[in-house]
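Chain by chain, the residues run as shown.
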Amino acid sequence: MRSGKELWDLVKNQLKLEMASTDFSEIFDPITEIHKIHNKYIFLIVPDILTKFRIEKFYLDTMNKLLVQIEEDKHNFKLITREVADKENSDNQKLGLTSVDSVDRQVSKRNLRSEYTFDNFVTGESNRFAWMNAIKVAESPHVTVNPLYIFGDVGLGKTHLMMAIGHYILDNNIHANVVYTTAQQFAEDYFLATNKKNINDIEKFYNYHRAADILLVDDIQFLSGKNSTQEEFFKVFEHLFETNKQIVITSDRAASDLENMMARLKSRFAWGMLVDIKSPDLNLRISILKRKLAFLIPNPIDVPNNVLEFIATTFDQNVRDLEGALRRFVSFCVSFNLPFTLESAKQSLEGITPKNKLDSFVTNDTNIDKIKQTVASYYKITVSDLESTSRKQHITYPRQVAIYLIRSRYDIPLKKIGEFFGNRDHATISHSYDKIINDINSNLQIKNDINIIESKIEESLKKKEKNN
Ligand code: ADP
Ligand code: MG
């Protein structure tokens, strides 16, 4: 069997063939050492956190694919910064440990949901600040941000982000004692421990939380009004904080807005960093859908953009509902053997789609105007040219393109599309659409034009969404 280092060298050679040489040297030349091989992961040492993220975002998938080609033993690469690797080595030395025990790790991971990792967390404007701080905490617990207090409405990714911190810390140091609990669980455990008046139980409760290296407490608002539990939690907090342990808290509201909560606790929460997660914008919702699709079907590109856009436009408040809608749509198509079309999306989501959303998606005139403007400016003509009856080639062609774009994007009756273009009849609309589809398939230049126009449309719709 080849060593981790040998495997990495082979993969590195392959990568070099696939990448521009300047990029390659800058990023990969410094990576020459393996930290450890553990749980089927080969940990490569990278100089800093930025390199780590850059590789994880752009290259890690390729690296792992290459690795599979070279070796069938199903290892994957993971990256660890020099700083964290050194720390882990020195901790292990102190503890007199040389090898690691995967059972420990399973125990500590038992209540973290496996898919709630940083890898699976999609970032955008609404959650970037929270994400950055979560990364900081995960990279160097209790050093920079303590406690980290993440707040926001339900279903926006607080638990996901909090658990990602836990996973990350455990992946880099399996001896870390990561304790995840919900405030509700904490209250129940406390109640049970004290009510039985069994000294063993009380001690167990005390030790369990006080032994944490990282304490993750989800939905702290549940402690509202529970005075003795708050008192107990306060003691745990003080103990951990004073012994340099990391605390992460989530809540459905800002610390200052917590009701019936001890002032002492509220002020402790504000000692570290308070970050909020807001509702995702359209762009982020679409990216999240794309990411989740990869878990649901083998070829995510089978689902066209207009379908994703429909789902993302319809479920615009929280990610949990958005994800639920996507699952419903996919399982509907798969069980009835239907294609992934807008039609299927509407049918599958019928019962749960707010009526006004459906209408606004279908007949949003501002969106139609944006498309017309974008096409007209691309072909250097005017919107009135598009709407006119002119049959000059330099006008008919852009008009056909605009018709194609509207029809592929929205589910509007042909007659209605005709109305947008000087009352043309449905046969003309249908012909224009078919013609452009044909051209796209046979002419690279046109395919290219359409791609450019589509991305301009995305831009302009995004801008509109921002202004709203
Ligand atoms: P909260 O704790 O804020 O109520 P969760 O963390 O439970 O929300 O998130 C709800 C669902 O949405 C989860 O399935 C989670 O994976 C998903 N989710 C939320 N935000 C994101 C994101 N940025 N990227 C990927 N998935 C997300
Ligand atoms: Mg939650």
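This report concerns the structure included in the present document. Everything numeric in this text was worked out from a predicted model, so none of it was measured.

The next subject is the environment of Asp-189. Considering the arrangement of structural elements, one finds Asp-189 in helix 9 (residues 183–195). Exposure remark for Asp-189: the relative accessible area of 25% places this residue in the partly exposed category. In the structure, Asp-189 is positioned twelve residues away from Asp-201 in sequence and 9.5 Å away in space, judged by C-alpha atoms.

Going through the model one piece at a time under the given rule, you end up with 18 salt bridges. Among the ionic pairs, Glu-115 bridges to Arg-113, the shortest N-O distance being 2.5 Å. For Glu-115, a relative accessible area of 32% gives the class partly exposed. Taking the relative accessible area as the measure of exposure, Arg-113 reaches 43% and is therefore partly exposed. When the shortest N-O distance is used, the salt bridge between Asp-213 and Lys-245 registers 3.7 Å. Note that Asp-213 is positioned in the loop between helix 10 (199–210) and strand 6 (214–218) and Lys-245 in the loop between helix 11 (227–242) and strand 7 (246–251), a separation of 32 residues in sequence. For Asp-213, a relative accessible area of 25% puts it in the partly exposed group. Owing to a relative accessible area of 22%, Lys-245 belongs among the partly exposed residues under this scheme. Residues participating in the shared-partner salt-bridge network are Arg-210, Glu-232 and Lys-235.

The peptide bond linking Asn-146 to Pro-147 adopts the cis configuration, its omega dihedral lying at -5°. Along the chain, Pro-147 turns up in the loop between helix 7 (128–139) and strand 4 (148–152). The residue Asp-219 is not glycine, and still its phi comes out positive at about 55°. Assignment of secondary structure puts Asp-219 in the loop between strand 6 and helix 11. Residues other than glycine seldom take positive phi values, yet Lys-380 does so here, at roughly 55°. If you trace the backbone, Lys-380 turns up in the loop between helix 18 (365–378) and helix 19 (383–387). Among the residues examined, Lys-380 registers a relative accessible area of 74% and is labelled exposed.

Turning next to the packing of aromatic side chains. Taken as a whole, this structure holds 22 aromatic pairs when the rule is applied. With 6.0 Å between their ring centres and 50° between their planes, Tyr-149 and Phe-151 make a pair best called tilted. Connected via pairs of aromatic rings, a cluster forms that spans Tyr-149, Phe-151, Phe-186, Tyr-190, Phe-205, Tyr-206, Phe-233, Phe-237, Phe-241, Phe-269 and Trp-271. Over the ring of Phe-310 we find Lys-346; its NZ or CZ atom is 5.8 Å from the centre of that ring. Against the face of Tyr-433 rests Arg-407, its NZ or CZ located 4.8 Å from the ring centre.

Attention shifts here to helix 3 (residues 49–58). Of the residues making up helix 3, those classed as buried are Thr-51, Lys-52, Phe-53 and Ile-55. Among the structural elements, helix 2 (21–28), strand 2 (41–46), helix 4 (60–70), strand 3 (76–81), helix 7 and helix 8 (158–172) are those in contact with the buried residues of helix 3.

Taken together, the five strands give an open sheet; going across it, the order is 5-6-7-4-8, and neighbouring strands pair in parallel fashion. The sheet is open, and its two edges are formed by strand 5 (178–182) and strand 8 (273–277), each paired on a single side. Sheet twist, expressed as the average angle between the axes of neighbouring strands with direction ignored, equals 15°. Where strand 4 and strand 8 come together, five bridges link them in parallel fashion. Its bridge partner being in strand 8, Tyr-149 is matched across the sheet by Leu-274. Sheet strands touched by helix 9: strand 5 and strand 6. Its angle to strand 5, the strand with the most contacts, is close to 90°.

Scoring rules and cut-offs
- Residues numbered from 1 in each chain as written.
- Chains lettered and ligands numbered in written order.
- Predicted model: local features only at pLDDT ≥ 70, side-chain atom pairs only at ≥ 80, totals over all residues.
- Heavy atoms only, no water.
- Helix = DSSP H or I, 4+ residues; strand = E, 2+ residues; numbered from the N terminus.
- Buried < 20%, exposed > 50% of the residue type's maximum accessible area, 1.4 Å probe, protein only.
- Salt bridge = Lys/Arg side-chain N within 4 Å of Asp/Glu carboxyl O.
- Phe/Tyr/Trp six-rings, centres within 6.5 Å; stacked < 30°, edge-to-face > 60°.
- Lys NZ or Arg CZ within 6 Å of the ring centre and 35° of its normal.
- Contact = heavy atoms within 4.5 Å.
- Pairing = 2+ DSSP bridges.
- Axes fitted to C-alpha atoms, helices over the stretch in contact; angles between N-to-C directions.

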